[in-house]
Amino acid sequence: MPTFPFSEADPIQYPGPPPKSADVVIVGGGIIGVTTALFLTRGNISVTLVEKGRIAAEQSSRNWGWIRKQGRDADELPIVIEASRHWRQLAEECGEDIGLNQTGVTYLANSDREMAGYEEFMKVAAVHEIDTRLLDAQETAGLIKGMSRSFKGAMTTPSDMRAEPWVAVPALARLAARKGVKIVENCAARTLEISAGRVSGVWTEAGHIETSSVLLAGGAWSSLFLRRHGVSIPQLSVRSTAAATEPMPEIHAGAAAAEHIAFRRRQDGGYTLAPGGSHLLYLGPDAFRHAMKYLPALMANPFGSRYSPAAPAGYPDSWSTPRHWTPDSQSPFERMRVLNPAPERSGLRSIERNFKRLFPQLGSVRIKASWSGMIDAMPDVVPVVDRVQAISGLVVATGMSGHGFGIGPGIGRVVADMIQGNKIGHDLTRFRLSRFSDGSAIRLGPAL
Ligand SMILES: Cc1cc2nc3c(=O)[nH]c(=O)nc-3n(C[C@H](O)[C@H](O)[C@H](O)COP(=O)(O)OP(=O)(O)OC[C@H]3O[C@@H](n4cnc5c(N)ncnc54)[C@H](O)[C@@H]3O)c2cc1C
């Protein structure tokens with residue numbers, strides 16, 4: 001059993017070689033690629049999923065495990081409502097305990113301004129008839145008992161859920177494999193083969209796969225992959241740190257966030273903790289290229305990001321990362337099998353200090369694991385889920401902007417139908433690729 005956080009030192013569970021051909025090739029074995037593959041198997045389609053490192057080793061195992069409708073962009077809500085149904089069904093179908101529990105999500109407020117923001121979301125919640133409600137100070141103290149301080153109030157959604165990311169996504173991949181998906185780990189997709197403007201294959205490091213249909217679900221690497229084919233998306237990634245405590249007495253069964261601390265009960269009796277506040281953005285060529293598109297996000301939350309002048313070597317937007325390579329030369333994807341940033345020490349100190357301060361009765365906080373993940377973000381904080389008009393047969397689902405785990409199975413179902421030319425059942429206009437080039441103003445979704 002691989003230990004968390006996953007890395008390239010973990011054994012390969014799905015060895016190659018990849019097949020010579022497939023109806024659909026999926027690039028990327030995170031929650032989006034894996035759940036799309038699962039839904040495609042319902043259509044009697046041969047699916048090959050290639051993953052440069054290990055299944056779920058990047059964002060999809062490193063996230064907090066919140067499955068929330070609360071605080072979502074209005075256009076994502078119908079998809080995440082659908083995703084909640086799929087989570088329940090997939091948890092049953094995979095026959096493994098993925099830690100799915102309906103224990104609610106709560107945002108704690110320090111100020112009237114924050115409460116006013118929550119009231120805005122209540123209007124969206126009402127349209128979609130979800131059970132989100134506002135709590136006053138007393139109700140908040142009653143919901144999460146034992147907090148050392150009082151809050152102005154809170155917003156809470158009891159029907160929101162949690163699951164264990166590093167258990168759930170590998171379990172869903174096993175289900176996909178049992179249903180006939182050919183998964184190949186340690187297998188980077190280097191380039192597409194394009195003939196007369198159409199996808200005709202994928203060149204991987206382990207050879208060619210003939211196909212007319214490709215899904216790019218490459219998380220933080222999608223922009224680099226697309227740029228090689230002349231398609232520009234303003235995707236950047238930011239580093240975010242989290243930690244897991246040893247089992248401890250239960251202070252709250254669900255997930256909650258305050259200004260400086262976020263916590264979520266885990267199935268093993270510990271808590272997954274994260275510092276509130278800002279993310280770290282490494283400046284590289286893409287950060288400068290797309291800076292103007294990120295201005296609205298920067299102005300809305302000037303202290304939301306800290307900056308570092310350069311990413312470590314091999315990161316998607318490092319200064320030294322090659323932007324061009326050929327199908328028969330090593331690509332940046334296989335040079336970095338698993339993007340595994342070190343946790344930020346200051347973030348870990350803040351986690352321990354603020355959790356202890358909020359729940360002093362727990363005594364010292366024993367951390368058993370800590371990690372970082374690179375969150376792939378778009379300037380308007382909502383994903384791209386679309387066909388690429390310039391390359392027929394290519395679909396992109398990326399830029400989940402820090403909230404793609406919960407919505408993952410909903411996006412997976414949508415993308416599987418998009419690939420098959422079926423009715424999708426949701427309006428995807430907001431998630432179109434052309435929004436960054438057709439003169440549309442950036443319309444910010446809820447912050448990361
Ligand atoms: C610290 C943290 C906390 C978060 N908390 C939450 C949360 O509580 N709730 C929530 O909903 N979301 C959360 N998220 C966001 C969520 O984890 C992501 O949005 C989601 O996992 C993205 O899934 P993905 O499949 O798009 O990308 P990823 O999980 O990043 O998967 C992409 C995969 O593609 C592979 N790949 C890339 N390029 C290639 C190539 N050329 N060839 C082969 N393989 C390739 C990569 O190796 C990677 O495994 C959090 C993220 C982080 C980092």
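Quick caveat, the model's predicted, so the values are computed rather than measured.

Caption draft 1: Summary view of the sheet that holds strand β21 (residues 394–398). Across the sheet, 6 strands lie side by side as β8-β2-β1-β12-β21-β20; this open sheet has mixed pairing. Only two strands of the sheet have a single neighbouring strand rather than two, namely β8 (182–184) and β20 (384–387). Adjacent strand axes in the sheet meet at a mean angle of 15 degrees, parallel and antiparallel pairs treated alike. Relative to strand β2 (residues 47–50), strand β1 (residues 24–27) runs parallel, the two being bridged by 4 bridges. Across the sheet, the residue bridging to Val 24 is Val 47, located in β2. In the packing of helix α12 (residues 404–420) onto the sheet, the strands contacted are β1, β12 (214–216), β20 and β21, and the crossing angle to β20 comes to about 10 degrees.

Caption draft 2: Focus on the environment of Gly 230. Mapped onto the elements, Gly 230 comes out in the loop between α7 (222–227) and β13 (236–245). Taking the relative accessible area as the measure of exposure, Gly 230 reaches 69% and is therefore exposed. It is 42 Å that separates the C-alpha atoms of Gly 230 and Glu 114, two residues lying 116 residues apart in sequence.

Caption draft 3: Broad picture of the packing of helix α3 (residues 77–94) against helix α6 (residues 165–178). Two elements in contact, α3 and α6, have axes whose closest approach is 10 Å; the angle formed by their N-to-C orientations is 65 degrees. The angle between α3 and α6 places the two elements in the roughly perpendicular class. As α3 packs across α6, the resulting crossing turns out to be left-handed. Of α6, the residues touching α3 (which contributes Trp 87, Leu 90, Glu 93 and Cys 94) are Ala 168, Ala 171, Leu 172, Leu 175 and Arg 178. Across the contact of α3 with α6, the residue classes tally to 7 nonpolar, no polar and 2 charged.

Caption draft 4: Up close: the UniProt feature "domain: FAD dependent oxidoreductase" (unreviewed entry) in the chain. Those residues carrying the UniProt feature "domain: FAD dependent oxidoreductase" (unreviewed entry) are residues 23–418 in this numbering. Between the C-alpha atoms that bound residues 23–418 there is a distance of 14 Å. The span itself is 30% helix and 26% strand.

Caption draft 5: Geometry of the pattern of salt bridges. Scanning the model with the defined rule gives 25 salt bridges in all. For Arg 42, the salt bridge is made with Glu 93, and the minimal N-O distance between the two is 3.7 Å. Taken together, the residues Arg 42 in the loop between α1 (31–40) and β2 and Glu 93 in helix α3 connect sequence positions 51 residues apart. Salt-bridge contacts for Asp 160 lead to Lys 69; the nearest nitrogen and oxygen are separated by 3.0 Å. Of this pair, Asp 160 sits in the loop between β6 (153–157) and β7 (161–162) while Lys 69 is found in the loop between β3 (66–67) and α3, placing the two residues 91 residues apart along the sequence. There is no split in this pair, since Asp 160 and Lys 69 are both buried. Among the charged side chains, a network of salt bridges with common partners joins Asp 73, Asp 75, Arg 430 and Arg 443.

Caption draft 6: Representation of the site of the ligand in the model. In the vicinity of the ligand, 36 residues are found, and the nearest of them are Glu 51, Ser 60, Trp 66, Gly 404 and Gly 406. About the coverage of the ligand: the protein hides 98% of its 1000 Å² of free accessible area. Within the residue set of the shell around the ligand, elements represented by two or more residues are α1, α2 (59–62), β19 (367–377) and α12. Its residues placed into classes, the shell around the ligand shows 16 nonpolar, 15 polar and 5 charged.

Caption draft 7: The arrangement of the packing of α3 against α12 in detail. Relative orientation of the contacting elements α3 and α12 amounts to 95 degrees, with a least axis distance of 7 Å. With respect to their mutual orientation, α3 and α12 come out roughly perpendicular. For the pair α3 and α12, contact is made by Ile 79, Val 80, Glu 82, Ala 83, His 86, Trp 87 and Leu 90 and by Phe 405, Gly 406, Ile 407, Pro 409, Gly 410, Ile 411, Arg 413 and Val 414, respectively. For the contact of α3 with α12, the per-class residue count stands at 10 nonpolar, 3 polar and 2 charged.

Caption draft 8: How the structure looks around the side chain of Thr 106. Here Thr 106 shows up in strand β4 (residues 105–109). Of note is the side chain of Thr 106, whose polar atom sits 2.9 Å from the side chain of Thr 156. Apart from residues lying up to four places away in sequence, Thr 106 is in contact with Gln 70, Leu 143, Ile 144, Ala 154, Met 155, Thr 156, His 252, Ala 255, Ala 256 and Ala 257.

Caption draft 9: View of α6. Its 14 residues give α6 an end-to-end C-alpha distance of 20 Å, which sits within 8% of 20 Å, the value for a rise of 1.5 Å per residue. Within α6, 10 of the 14 residues are buried, leaving the element largely enclosed by the surrounding structure. In the segment just after α6, Gly 180 is the residue with positive phi, at about 110 degrees.

Caption draft 10: Up close: the environment of Glu 210. As for its position among the elements, Glu 210 is in strand β11 (residues 207–210). In this structure, the C-alpha to C-alpha distance between Glu 210 and Ser 21, residues 189 residues apart in sequence, is 4.3 Å.

Caption draft 11: Spatial organisation of a nonpolar patch on the surface. On the surface, Met 292, Leu 295, Leu 298, Met 299 and Tyr 307 cluster together into a nonpolar patch covering about 530 Å² of accessible area. Considering each element in turn, the nonpolar patch owes the most residues, 3 residues, to helix α9 (residues 295–300). Checked against the element boundaries, Met 299 lands in helix α9. Met 299 gets classed as exposed once you look at its relative accessible area, which sits at 63%.

Caption draft 12: Up close: the packing of aromatic side chains. For the coordinates displayed, the defined rule picks out 17 aromatic pairs. Between Phe 263 and Tyr 271, the aromatic rings sit 6.4 Å apart at their centres with planes inclined by 65 degrees, giving edge-to-face as the arrangement. Exposure class is identical for Phe 263 and Tyr 271. Each is buried. For the pair Phe 263 and Phe 359, a centre-to-centre distance of 5.4 Å together with 90 degrees between the ring planes defines the contact as edge-to-face. With Phe 263 in strand β15 (residues 261–265) and Phe 359 in the loop between α11 (345–358) and β19, this pair connects stretches of sequence that are 96 residues apart. Taking relative accessible area as the criterion, Phe 263 reaches 0% and is therefore assigned buried. A connected cluster of aromatic rings, assembled from ring pairs, spans Phe 4, Phe 6, Trp 166 and Trp 371. Geometry around Phe 151 places Arg 149 over its ring, the cationic atom sitting 4.0 Å from the centre.

Cut-offs used in this document
Residues numbered from 1 in each chain as written. Predicted model: local features only at pLDDT ≥ 70, side-chain atom pairs only at ≥ 80, totals over all residues. Heavy atoms only, no water. Pairing = 2+ DSSP bridges. Helix = DSSP H or I, 4+ residues; strand = E, 2+ residues; numbered from the N terminus. Axes fitted to C-alpha atoms, helices over the stretch in contact; angles between N-to-C directions. Contact = heavy atoms within 4.5 Å. Buried < 20%, exposed > 50% of the residue type's maximum accessible area, 1.4 Å probe, protein only. Parallel < 35°, antiparallel > 145°, perpendicular 65-115°, else oblique. Left-handed = near helix turned anticlockwise from the far one by under 90°. Nonpolar A, V, L, I, M, F, W, Y, C, P; charged D, E, K, R; others polar. UniProt positions renumbered as here; feature names shortened; annotations may be inferred. Salt bridge = Lys/Arg side-chain N within 4 Å of Asp/Glu carboxyl O. Near = heavy atom within 4 Å. Areas by Shrake-Rupley, 256 points an atom, 1.4 Å probe, with all protein chains shown as cover. Polar contact = N/O pair within 3.5 Å; in protein donor to acceptor, adjacent residues only side chain to side chain. Expected span 1.5 Å × (residues − 1). Patch = residues over 30% accessible without salt bridge, like charges linked within 9 Å, V, L, I, M, F, W, Y side chains within 5 Å. Phe/Tyr/Trp six-rings, centres within 6.5 Å; stacked < 30°, edge-to-face > 60°. Lys NZ or Arg CZ within 6 Å of the ring centre and 35° of its normal.

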